[in-house]
Amino acid sequence: MTALGLPDTIQACLFDLDGVVTRTAVVHAAAWKETFDAFLRGHDGQRPFDEVADYDEYVDGRPRADGVRAFLDSRGIHLPEGTPDDPPDAPTVHGLGNRKNELLLEKIRTQGVEAYDGTLRYLEAVRARGLRTAIVSSSANCRDVLRSIGAEHFFDVRIDGVVAAERRLPGKPHPDTFLAAAHDLGVEPSAAAVFEDALAGMDAGRAGRFGYVVGVDRVGQTDALYAHGADTVVKDLAELGGKE
C-alpha cells in the first residue's frame with residue numbers, strides 16, 4: 001500500500017460528492033423526507049419516510065427520478081413518469097423529484113454547504129502525488145456545490161447528473177458514471193479507486209471491477225458498506241494517510 005492508503009497500482013481516484021467531499025447527505029435526506037412525507041399523507045396507511053433506513057436503501061447516491069421510483073416501489077405506489085420539466089407540484093415521478101430538488105436548493109441557500117476537511121487534505125495529497133482525480137455525482141448541482149466550497153480545482157473530470165443526462169448514462173448502482181470518469185481520465189477501471197459513502201455507490205464500484213473501493217462511513221453502516229463491495233471502510237479519508 002502507498003502512503004495514500006491505496007494499492008500501488010492505483011493511478012486515479014474517483015470521488016462521490018455528497019457525504020464524501022461535502023456534508024450535504026443530511027440535507028439531501030431532510031429534503032427527501034419533507035417531499036415524501038407530504039406526498040404520503042395522501043395515501044392511507046403509509047408510514048413516514050425514514051431518513052436513515054429508507055434514505056440509505058432507496059435514494060442515497062441515485063439520480064433523483066431513480067430514487068423516487070425505488071422508494072415508491074417499496075411502498076407499492078406507482079406514478080406516471082411525467083417529464084424532467086414537470087413543475088414540483090405535479091403528481092409524477094419527475095414532479096416529485098423536482099420538488100425534492102427545490103427543497104434541497106432552498107436548504108443549501110439558507111444553511112450553506114460545508115466540506116469535510118479530511119477529504120480536502122486527502123485530495124491535496126492525492127494531487128501532490130500526481131494521481132488524476134474525478135468527481136462522480138448523481139447531483140445536477142455538483143458544479144455549483146464545488147464552486148461554493150472552492151473545490152472545483154481539485155478535479156480533472158466531472159461526471160455529474162448533467163453530464164450523465166447528456167451522455168445517457170444510467171446512475172448508481174450501475175457503474176457507468178464511474179466507468180465514464182475513468183475513461184475520461186485515460187485509465188483502466190482496475191487502475192482507479194472509488195470513494196463512496198452510499199450503498200449504491202459500493203454496488204457501482206463492485207460492478208465496475210475497480211481496482212479499489214473505499215467506503216466512507218458517516219452514519220454507522222460499516223458492515224453494510226463491506227457487504228456491498230468495499231475493500232476498506234473509514235470514517236474519514238484522513239485515516240488513509242496522505243501525509244509525508
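Residues numbered from 1 in each chain as written. Predicted model: local features only at pLDDT ≥ 70, side-chain atom pairs only at ≥ 80, totals over all residues. Heavy atoms only, no water.

### Remarks on the packing of aromatic side chains
Next, step 1: Counting across every chain of the model gives 9 aromatic pairs.
Next, step 2: With a centroid separation of 4.3 Å and an interplanar angle of 40 degrees, the aromatic rings of Phe-36 and Phe-71 are classed as tilted. Taken together, the positions of Phe-36 in helix α1 (residues 25-40) and Phe-71 in helix α3 (residues 64-74) put the pair 35 residues apart, joining distant regions of the chain. As far as the burial class goes, Phe-36 and Phe-71 line up, both buried.
Next, step 3: For the ring pair Phe-49 and Phe-71, a centre distance of 5.1 Å and an interplane angle of 75 degrees mean the geometry is edge-to-face. Taken together, the positions of Phe-49 in the loop between α1 and α2 (53-59) and Phe-71 in helix α3 put the pair 22 residues apart, joining distant regions of the chain.
Next, step 4: Assessed through its relative accessible area of 2%, Phe-49 is described here as buried.
Next, step 5: For Phe-71, a relative accessible area of 0% translates into the label buried.
Next, step 6: Here the aromatic residues Trp-32, Phe-36, Phe-49, Tyr-58 and Phe-71 are joined through ring pairs into a cluster of three or more.
Next, step 7: Positioned above the aromatic ring of Tyr-116 is the side chain of Arg-218, whose terminal nitrogen or guanidinium carbon lies 3.4 Å from the ring centre. (Phe/Tyr/Trp six-rings, centres within 6.5 Å; stacked < 30°, edge-to-face > 60°. Helix = DSSP H or I, 4+ residues; strand = E, 2+ residues; numbered from the N terminus. Buried < 20%, exposed > 50% of the residue type's maximum accessible area, 1.4 Å probe, protein only. Lys NZ or Arg CZ within 6 Å of the ring centre and 35° of its normal.)

### Observations regarding the environment of Met-1
Next, step 1: Take Met-1: it is sitting in the segment before β1 (12-15).
Next, step 2: The sequence separation of Met-1 and Asp-184 amounts to 183 residues, and the corresponding C-alpha distance is 25 Å.
Next, step 3: For Met-1, the residues in contact, after removing those within four places along its chain, are Leu-6, Pro-7 and Tyr-212. (Contact = heavy atoms within 4.5 Å.)

### Considering the nonpolar core
Next, step 1: In this structure, Leu-6, Phe-15, Tyr-122, Phe-195 and Leu-237 are the most contacted members of the largest nonpolar core, which totals 37 residues.
Next, step 2: Counting only elements with at least two residues in this core, the list comes to β1, α1, α4 (93-111), α5 (117-128), α6 (142-148), β4 (192-196) and β5 (212-216).
Next, step 3: Excluding residues within four positions of it along the chain, Phe-195 makes contact with Leu-6, Cys-13, Leu-14, Phe-15, Asp-16, Val-20, Tyr-122, Val-214, Leu-237 and Leu-240.
Next, step 4: Membership of the second largest hydrophobic core comes to 17 residues, among which are Ala-12, Ala-181, Val-187 and Phe-210. (Core = buried A, V, L, I, M, F, W, Y, C linked by side-chain atoms within 4.5 Å.)

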